[in-house]
Amino acid sequence: PEAQKGTFTVHSSFLNQEDQSQLEQGATVILRVAVESKEDAEYVMIEAPLPAGCVVKNKNKTNAYDSSRANFKEKTSIYCGYLPKGTHYFDIELQARYKGIYTLNPASASLMYYAEEQGNNEIKKVRIK
């Protein structure tokens, strides 16, 4: 899907990477998900899909509003009890393990009890060399 903007605007990128579509095998990278909330929100769930060739290296919280995280093979779900209006950054430390070309599905943010209030970014391709 293409980027959708609603209550939330979502962007994802790899920190300290000149070429956002290419990672080095064995390297540790930070996937940053930026969520802009148009208004104060309660019970927000942020889903950050991971490229298939990467694994979560560090499972620590990185934001004061990050209540809890659930790490799966394919994504990290971040739960926020309260998210004030503004832009917030959530970092996920990954290790690029397997060579190949992978799809990075859209990251999304939504209200857990009103899922139609959401936003997501676009699909990206990532190459691990």
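The structure under discussion appears in the preceding block.
Source: prediction; values computed, not measured.

K.L.:
Is there a simple way to explain the nonpolar core in this structure?
P.N.:
As a rule of thumb, soluble globular proteins bury nonpolar side chains together. In terms of nonpolar packing, the biggest core is built from 29 residues, with F8, F14, L23, V35, V44, I46 and L94 touching the most fellow members. Discounting residues that sit within four places of it in the chain, V35 has contacts with F8, T9, I46, L83, G86, T87, H88, F90 and A109.

K.L.:
So what exactly am I meant to see when it comes to the sheet that holds strand β8 (residues 86–96) here?
P.N.:
Pairing between the strands of a sheet comes from backbone hydrogen bonds, and it takes one of two forms, parallel or antiparallel. The four strands are arranged β1-β3-β8-β5 in an open sheet whose pairing can be described as antiparallel. In the strand order of this sheet, the two ends are held by β1 (8–14) and β5 (54–58), each with one partner. Strand-to-strand twist across the sheet, computed as the mean angle between neighbouring axes with direction ignored, equals 35°. Across seven bridges, β1 lies against strand β3 (residues 28–37) in antiparallel orientation. Bridging from a neighbouring strand, V10 pairs with V35 of β3.

K.L.:
Explain a nonpolar patch on the surface here, please?
P.N.:
Together, Y43, M112, Y113 and Y114 give the surface a local cluster of nonpolar side chains, amounting to about 490 Å² of exposed area. On the secondary structure map, Y114 appears in the loop between β10 (108–111) and β11 (118–120). Judged by relative accessible area, which is 52%, Y114 ranks as exposed.

K.L.:
Help me out: how do you make sense of the environment of R69 in this one?
P.N.:
Topologically, R69 is positioned in strand β6 (residues 68–71). In this structure the C-alpha to C-alpha distance between R69 and E47, which are 22 residues apart in sequence, comes to 9.8 Å. Filtering out sequence-adjacent residues up to four positions away, R69 remains in contact with K59, N60, K61, T62, T76, S77, I78, F90, D91 and I92. A distance of 2.7 Å separates polar atoms of two side chains, one belonging to R69 and the other to D66. At 3.1 Å, the side chain of R69 and the backbone oxygen of D91 are in polar contact.

The rules behind these values
- Here, residues in each chain are numbered from 1, in the same order as that chain's written sequence.
- Two thresholds apply to this predicted model, a pLDDT of at least 70 for residue-level local features and 80 or more for giving and counting side-chain atom pairs, whereas whole-chain, interface and lining totals are computed over all residues.
- Water and hydrogen atoms were dropped before computing side-chain values, which therefore reflect all heavy atoms in the structure.
- What is meant by a nonpolar core is a set of buried Ala, Val, Leu, Ile, Met, Phe, Trp, Tyr and Cys residues, joined one to another through side-chain atoms within 4.5 Å.
- Three exposure classes are used, based on accessible area relative to the maximum for each residue type with a 1.4 Å probe and protein chains only: buried under 20%, partly exposed in between, and exposed over 50%.
- In what follows, a contact means two residues having at least one pair of non-hydrogen atoms within 4.5 Å.
- By definition, two strands form a pair when at least two bridges between them are found by DSSP.
- A run of H or I in DSSP counts as a helix once it spans at least four residues, and a run of E counts as a strand once it spans at least two, with each numbered from the N terminus.
- Axis lines are fitted to C-alpha atoms, over the contacting stretch for helices. Their N-to-C directions set the angle, which ranges from 0 to 180 degrees.
- Within the patch definition used here, like charges are joined within 9 Å and nonpolar side chains (Val, Leu, Ile, Met, Phe, Trp, Tyr) within 5 Å, considering only residues with over 30% relative accessible area and no salt bridge.
- Note on areas: Shrake-Rupley, 1.4 Å probe, and residue coverage restricted to the protein chains presented here.
- By salt bridge we mean one thing: a side-chain nitrogen of Lys or Arg within 4 Å of a carboxyl oxygen of Asp or Glu.
- Polar contacts here mean pairs of N or O atoms no more than 3.5 Å apart (in protein, one a potential hydrogen donor and the other a potential acceptor; neighbouring residues in sequence count only if both atoms are side-chain atoms).

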